[in-house]
Amino acid sequence: DNHMNKPLLIGISGGTGSGKTRFTNELISRFDDNYLICISKDSYYKDLSDLDYNQRCKVNFDSPDSIDFSDLLHDLENLMNYNTIDIPIYNFKQHKRMNESNKLEPKPIILLEGIFSLYKSEIRALMDLKIFVDTPADIRILRRAIRDINKRERTIESISDQYLKTVRPMHQKYVEPTKFYADIIVP
């Protein structure tokens, strides 16, 4: 192991349902596990356990304000210096962090995947490569609806309501503009 070399940090972004995760998994499948780790931005939702469940449900999770970027930056800097980190485990049904965390050992290649991966300049500054997965909105909303119905026990009405109230405006305001920072746009 040559610790002289800083790990390679690759950011992978794109809107909800764009295929970021699928693209990321495809990349992972082509590498040896010993060389690559992946961090999901979804692990870094702020811990809302101080709010009651109904208040937590009202939080706008499609806004960058819902992400603990300082925790994420701190963890990335640690990994870049070959330190082990503890990644928070987030429970989407309860909207809060679990007490457990996942240990993550540093590896030569680090993937950071999520809609706000390219959002913060301090985090972009650490990246060697920035990728944006660009997918038409109609395909993204269909994929998101299928996921939320199957995996998150949501109704089509609640998905539609959330999409129009927060997902779409937040995408246009915060996610879409980060495409400008990408080195590679994957259609």
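Throughout, residues of each chain are indexed from 1 in the direction in which the sequence is written. Totals for whole chains, interfaces and linings use all residues, but because this is a predicted model, local features are given only for residues with pLDDT of at least 70 and pairs of side-chain atoms are given and counted only at 80 or more. Here the side-chain values reflect all heavy atoms present in the structure, with hydrogen atoms and water set aside.

Draft legend 1. Here's a closer look at the pairing of strand S4 (residues 96-104). Between any two strands, pairing holds if DSSP finds at least two bridges. Helix and strand assignments follow DSSP, with helices taken as H or I runs no shorter than four residues and strands as E runs no shorter than two, numbered in order from the N terminus. Alignment of strand S3 (residues 85-91) against S4, held across 6 bridges, turns out to be antiparallel. Within S4, the residue paired with Ile87 across the bridge is Asn102. Here S3 folds back onto S4 in antiparallel fashion, the turn holding 4 residues, of which His95 has a positive phi close to 55 degrees.

Draft legend 2. How the structure looks around helix H5 (residues 137-152). Inspection of H5 places Arg140, Arg144, Ala145 and Asp148 among the buried residues, and these make up the whole buried set. The arc that holds the buried residues of H5, viewed along the axis, is 135 degrees, so those residues lie on one side. Across from the buried face of H5, at angles greater than 90 degrees, the exposed residues are Asp138, Leu142, Ile146 and Asn150. For this analysis, residues touch if any pair of their heavy atoms sits within 4.5 Å. For H5, the elements touching its buried residues are helix H6 (156-175). A positive backbone phi angle near 55 degrees is found at Glu153, which sits one or two residues after H5. Categorising residues by exposure relies on relative accessible area from a 1.4 Å probe, with only protein chains included: less than 20% of the type maximum marks a residue as buried, more than 50% marks it as exposed, and the intermediate range marks it as partly exposed. As used here, the arc is the angular range of directions from the helix axis to the C-beta atoms.

Draft legend 3. Seen up close, the pattern of salt bridges. For this analysis, a salt bridge means a side-chain nitrogen from Lys or Arg found within 4 Å of a carboxyl oxygen belonging to Asp or Glu. According to the stated counting rule, one finds 13 salt bridges in the structure shown. With a closest N to O distance of 3.1 Å, Asp148 and Arg147 form a salt bridge. Exposure remark for Asp148: the relative accessible area of 0% places this residue in the buried category. The exposure class assigned to Arg147 is partly exposed, which follows from its relative accessible area of 28%. Between Lys165 and Asp161 there is a salt bridge, with the nearest N and O atoms lying 3.2 Å from each other. Placement of both Lys165 and Asp161 in helix H6 is noted, with a separation of 4 residues, approximately one turn of the helix. Connected through salt bridges with shared partners, the residues Asp62, Arg144, Arg147, Asp148 and Arg154 form a single ionic network.

Draft legend 4. Molecular detail of the side chain of Asp75. With respect to the helices and strands, the residue Asp75 is situated in helix H3 (residues 69-80). Charged-residue counts in this description rest on Lys and Arg as positive and Asp and Glu as negative, His and the chain ends being excluded. Nearest to the buried, unbridged Asp75 among oppositely charged side chains is Arg97, at 7.4 Å. Here a polar contact is taken to be a pair of N or O atoms separated by no more than 3.5 Å, where protein atoms must pair a possible hydrogen donor with a possible acceptor and residues adjacent in sequence count only if both atoms sit in side chains. Here Tyr44 takes part through its side chain, which lies 2.6 Å from a polar atom of the side chain of Asp75.

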